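# Structural features, examined
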2 protein chains.
Amino acid sequence: MRPQILIIGCGFGGLEAARAFSGSRGADVDITVVDKTNHHLFQPLLYQVATAGLSAPSIAAPIRHLFRRQPNVTTLLGEVVAIDAQARTATLKDGALLRWDHLIVAAGATHSYFGRDDWAPYAPGLKTLDDAFEIRRRVLMAFEAAELEDDAAKRAALLQFVVVGGGPTGVELAGTFAEIARHTLPGEFRRIDPRQARILLVEGGPRVLAAMPEALSERAREQLSALGVDVRLGARVTGIDADGLDVTTAAGAERLHSRCVVWAAGVAASPLGRALAEATGCTLDRAGRVVVEPDLSLPGHPRIQVIGDLAAAQSHKPGHPPRPVPGVSPGAKQMGRCAAANIRRQLRGEATQAFRYADYGNLATIGRNSAVVDLGSPAGPLRFSGYFAWLFWLFAHVYFLIGYRNRFVVLLDWAWAYWTYDRGARVVANAALPALSEASPASASRPAPRPPAG
Amino acid sequence: MRPQILIIGCGFGGLEAARAFSGSRGADVDITVVDKTNHHLFQPLLYQVATAGLSAPSIAAPIRHLFRRQPNVTTLLGEVVAIDAQARTATLKDGALLRWDHLIVAAGATHSYFGRDDWAPYAPGLKTLDDAFEIRRRVLMAFEAAELEDDAAKRAALLQFVVVGGGPTGVELAGTFAEIARHTLPGEFRRIDPRQARILLVEGGPRVLAAMPEALSERAREQLSALGVDVRLGARVTGIDADGLDVTTAAGAERLHSRCVVWAAGVAASPLGRALAEATGCTLDRAGRVVVEPDLSLPGHPRIQVIGDLAAAQSHKPGHPPRPVPGVSPGAKQMGRCAAANIRRQLRGEATQAFRYADYGNLATIGRNSAVVDLGSPAGPLRFSGYFAWLFWLFAHVYFLIGYRNRFVVLLDWAWAYWTYDRGARVVANAALPALSEASPASASRPAPRPPAG
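Residues numbered from 1 in each chain as written. Chains lettered and ligands numbered in written order. Predicted model: local features only at pLDDT ≥ 70, side-chain atom pairs only at ≥ 80, totals over all residues. Heavy atoms only, no water.

Chain A goes by NADH:ubiquinone reductase (non-electrogenic) in an unreviewed UniProt entry, where it is assigned to Pelomonas lactea. The UniProt entry for chain A carries the following comment under Catalytic activity (unreviewed entry): "a quinone + NADH + H(+) = a quinol + NAD(+)". (UniProt positions renumbered as here; feature names shortened; annotations may be inferred.)

As structure tokens, this is what we get:
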């Protein structure tokens with residue numbers, strides 16, 4: 001019987017691994033891709049869904065649709081909860097068992113509250129479409145509630161937005177929130193001025209975009225300030241509740257009142273890492289990532305490979321010391337191709353090869369017309385920021401977007417948004433204010449009749 | 001102080017009424033538009049969101065964005081729960097009071113289970129974006145669950161889709177479900193053949209599209225059958241549960257096993273109708289609609305007008321007996337303009353005028369390339385069906401879609417879908433199978449290991 005390859009997770013890593021078995025390269029194997037959702041998500045643009053710039057279908061493609069022309073791939077919707085390395089099976093949540101001869105685990109990461117999961121209800125993170133819809137709802141509903149609020153202090157709290165975490169996601173969200181408040185919403189409200197909204201970016205470290213060279217981090221901070229974002233560096237979050245959050249800086253402790261806090265700080269590997277550790281005795285690093293061999297396999301389990309954000313992998317460049325692979329999509333894609341190639345080598349009875357990460361650089365966008373780019377080039381590092389960096393970022397992302405139609409629709413949406421400042425996806429399906437009102441029973445005890453347009 | 005006009009609900013009727021006060025025609029009034037959601041919904045295309053053909057933002061526009069250039073309009077997100085005709089106030093759910101001098105109630109309708117609300121969890125209706133997302137989820141997840149299901153009977157139940165109600169919405173949904181099963185999904189599954197899915201349309205009456213001339217109803221039935229829909233006429237639903245539904249026909253009772261039943265049968269007026277009756281003593285018809293005067297005002301309450309699906313209104317054509325106004329968007333729009341004009345007349349101290357409905361005809365789509373059109377024309381009724389009727393329907397709907405960008409994106413989506421049979425919005429944010437699995441604990445007790453791609 002043909003070797004059965006099971007791929008858990010269809011993010012950038014899993015998708016790339018499965019595609020590496022297309023055509024003749026996969027003629028002799030059967031592949032099963034199992035994912036918790038029915039879609040491959042283009043994570044780098046998820047913040048655009050959260051900020052109402054793009055609709056969900058623009059950045060998400062049905063997984064089985066992506067494999068429709070790869071007959072050796074079976075797509076299953078399900079969540080793997082247990083792995084048996086001896087029996088070579090994976091167990092789905094509903095009890096179904098999947099057999100495998102080779103296993104690629106690409107379950108990715110989720111956000112972590114550093115052990116303070118009680119913060120989650122007050123500060124949603126951004127990993128899934130549901131997260132994005134929830135953030136979109138909270139941001140837009142905060143302005144709606146402010147328009148209805150008579151109490152000045154409560155209105156101010158409703159119009160104060162706090163993003164925790166100065167990584168790429170936090171910077172993108174804060175910058176776009178500022179754009180919404182300054183450019184998209186003014187003129188649509190009669191009682192409040194959306195431009196009075198305050199957007200704070202709270203980062204525990206000394207600079208934003210820590211993965212970038214210091215100079216570019218400084219550029220990013222400047223561009224955020226220019227967009228109207230209040231950047232708080234070296235500020236540690238000590239508490240979050242329905243009314244806001246507590247931060248501690250060198251200057252001391254401070255209470256930030258806010259009804260809309262977004263969590264972009266911590267990342268933790270998928271819980272499947274623990275399941276793997278129980279099944280194989282492999283070790284996890286502090287972030288819960290699986291420590292893998294140079295060839296991405298598990299120590300003592302050559303048939304199991306771990307890739308993407310779930311793997312604590314090293315890049316092995318001949319003549320250089322091993323370097324950790326950053327948690328970016330190119331890394332996951334390259335690991336996917338490497339894992340697939342190593343499985344083919346095993347099937348041919350050849351030795352596997354160590355993973356080597358090709359670093360094409362690092363880019364992050366801050367908001368309209370502003371981004372920072374750090375590229376390696378034969379002539380040494382190439383670094384620039386501002387408008388051209390933003391254009392570079394835009395086309396790089398649209399280029400890598402899955403599906404040609406998506407790319408076109410996204411470009412169209414952005415062209416429109418750029419000229420009109422409009423954000424096409426400002427639609428909230430579940431537009432109930434209670435989530436906010438509970439936090440502010442104010443409006444109930446509102447002074448009686450007043451002119452509607454007063 | 002300027003007269004305060006309060007408009008409850010921003011569907012076709014409320015939106016048109018508010019727009020009728022734009023520019024100089026509204027120079028001397030203040031308008032407040034309050035709606036439960038933050039968006040105006042283009043209801044006629046909602047079934048396209050439910051069937052993954054369009055993304056939500058394509059057919060929904062933020063209400064306050066629509067009024068951004070009409071400074072005399074204040075948009076509020078809120079649900080009116082009570083009306084006081086003497087004090088001239090409306091109470092929002094959160095307790096806030098809105099004062100009005102003139103009131104236009106355009107709260108629309110919701111779906112009715114004819115007193116069997118216990119059916120709701122098993123047969124969602126289609127009125128809101130949330131409804132559409134839920135139906136999209138159930139349809140797509142049914143195919144996903146079938147791909148995982150080993151039991152043939154359970155697989156058949158998962159692949160049997162039942163639409164209850166043969167009105168325009170039911171016909172559109174059934175036709176599109178068939179298109180998805182026959183054209184969109186085949187080739188993407190490895191264990192099931194989506195073409196084996198059965199789509200049933202259950203209608204209690206003797207024909208579908210009862211509002212249409214009999215000949216066109218027959219065309220519609222033929223076109224549905226051609227698309228592969230099993231149309232059951234004269235079939236009354238007597239029960240719905242997690243496992244399917246019971247229908248009774250002349251031939252006797254029958255059990256239809258299905259995990260995906262959609263309710264497109266009953267429509268009931270908004271509960272606000274009852275609130276109005278309590279406040280003013282006005283009478284409601286059997287569907288809960290408010291019986292209004294010829295000028296759309298409430299008997300004895302000239303400052304309150306009820307329009308759209310919430311109104312049991314008559315069209316008063318001089319020299320003809322009054323005729324009931326059909327519950328279609330042109331009717332709601334015309335009532336909106338009439339209500340606004342009558343308020344302006346009252347402000348000028350003139351007499352109000354009776355509402356007259358201009359009937360431009362009736363059209364319904366069935367699916368790819370098929371629709372039925374019934375137009376009045378100077379040369380008498382103009383009726384046609386099939387491909388050209390479909391083209392006519394498509395452009396008529398895109399033309400009336402709110403917002404030029406929407407129109408363009410929708411046309412683009414359709415052009416793409418037409419040539420590729422792909423449906424761009426096949427994305428389910430909350431892609432959890434449990435909702436189905438609970439109904440079928442089958443998979444848990446599944447026979448042990450089997451090849452993934454077996």
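Alright, that's what it looks like, and here's the rest.
Quick look at the pairing of strand β16 (residues 252-257) of chain A now. Residue and element names in this part refer to chain A. Where strand β15 (residues 244-249) lies against β16, six bridges are found, and the strand directions are antiparallel. Its bridge partner lying in β16, threonine 248 is registered against alanine 253. In sequence, β15 turns back onto β16 through a hairpin of two residues. (Pairing = 2+ DSSP bridges. Helix = DSSP H or I, 4+ residues; strand = E, 2+ residues; numbered from the N terminus.)

Another point: the domain arrangement of chain A. All names here are of chain A. According to the domain assignment, chain A consists of domain 1 (4-111 + 268-347) and domain 2 (117-265 + 362-420). The C-alpha-based centres of domain 1 and domain 2 are spaced at 29 Å. Between domain 1 and domain 2, the residue contacts involve 30 residues of the former and 27 residues of the latter. Of the roughly 2400 Å² buried where domain 1 meets domain 2, counting both sides, 69% is carbon and sulfur surface. The three residues of domain 1 that bury the most area against domain 2 are Tyr47, Ala50 and His111, which together make up 25% of that side's buried surface. Joining domain 1 to domain 2, the criterion identifies zero salt bridges. Remark: the boundary between domain 1 and domain 2 carries four residue pairs in polar contact (both at pLDDT 80 or more). Put simply, the parts of the chain that give the side of domain 1 that touches domain 2 at least two residues each are α1 (12-19), β3 (39-41), α2 (46-50), α3 (56-59), β4 (60-62) and β10 (109-112). Looking at the side of domain 1 that touches domain 2, the element that brings in the most residues is α2, giving five residues. (Domains from an automatic or database assignment. Contact = heavy atoms within 4.5 Å. Buried area = accessible area lost by both parts, 1.4 Å probe. Salt bridge = Lys/Arg side-chain N within 4 Å of Asp/Glu carboxyl O. Polar contact = N/O pair within 3.5 Å; in protein donor to acceptor, adjacent residues only side chain to side chain.)

Moving on: the side chain of glutamine 305 of chain B. Residues and elements named next belong to chain B. Its location among the elements puts glutamine 305 in strand β21 (residues 301-306). When its relative accessible area of 0% is taken as the criterion, glutamine 305 is described as buried. A distance of 3.0 Å separates a polar atom in the side chain of glutamine 305 from the backbone oxygen of aspartate 295. Setting aside anything within four residues of it in sequence, one finds glutamine 305 in contact with Leu103, Ile104, Val105, Asp295, Leu296, Ser297, Ala339, Asn342 and Ile343. (Buried < 20%, exposed > 50% of the residue type's maximum accessible area, 1.4 Å probe, protein only.)

The subject of this paragraph is the pattern of salt bridges. Residue and element names in this part refer to chain A. Inspection of every chain in the model, using the stated rule, returns 48 salt bridges over all chains. Across the pair aspartate 101 and arginine 88 runs a salt bridge, and its minimum N-O distance is 3.5 Å. Here the residue aspartate 101 occupies a position in the loop between β8 (97-99) and β9 (102-105), and arginine 88 occupies one in the loop between β6 (80-84) and β7 (89-92), the gap between them amounting to 13 residues. Here aspartate 101 falls in the buried class, since its relative accessible area comes to 14%.

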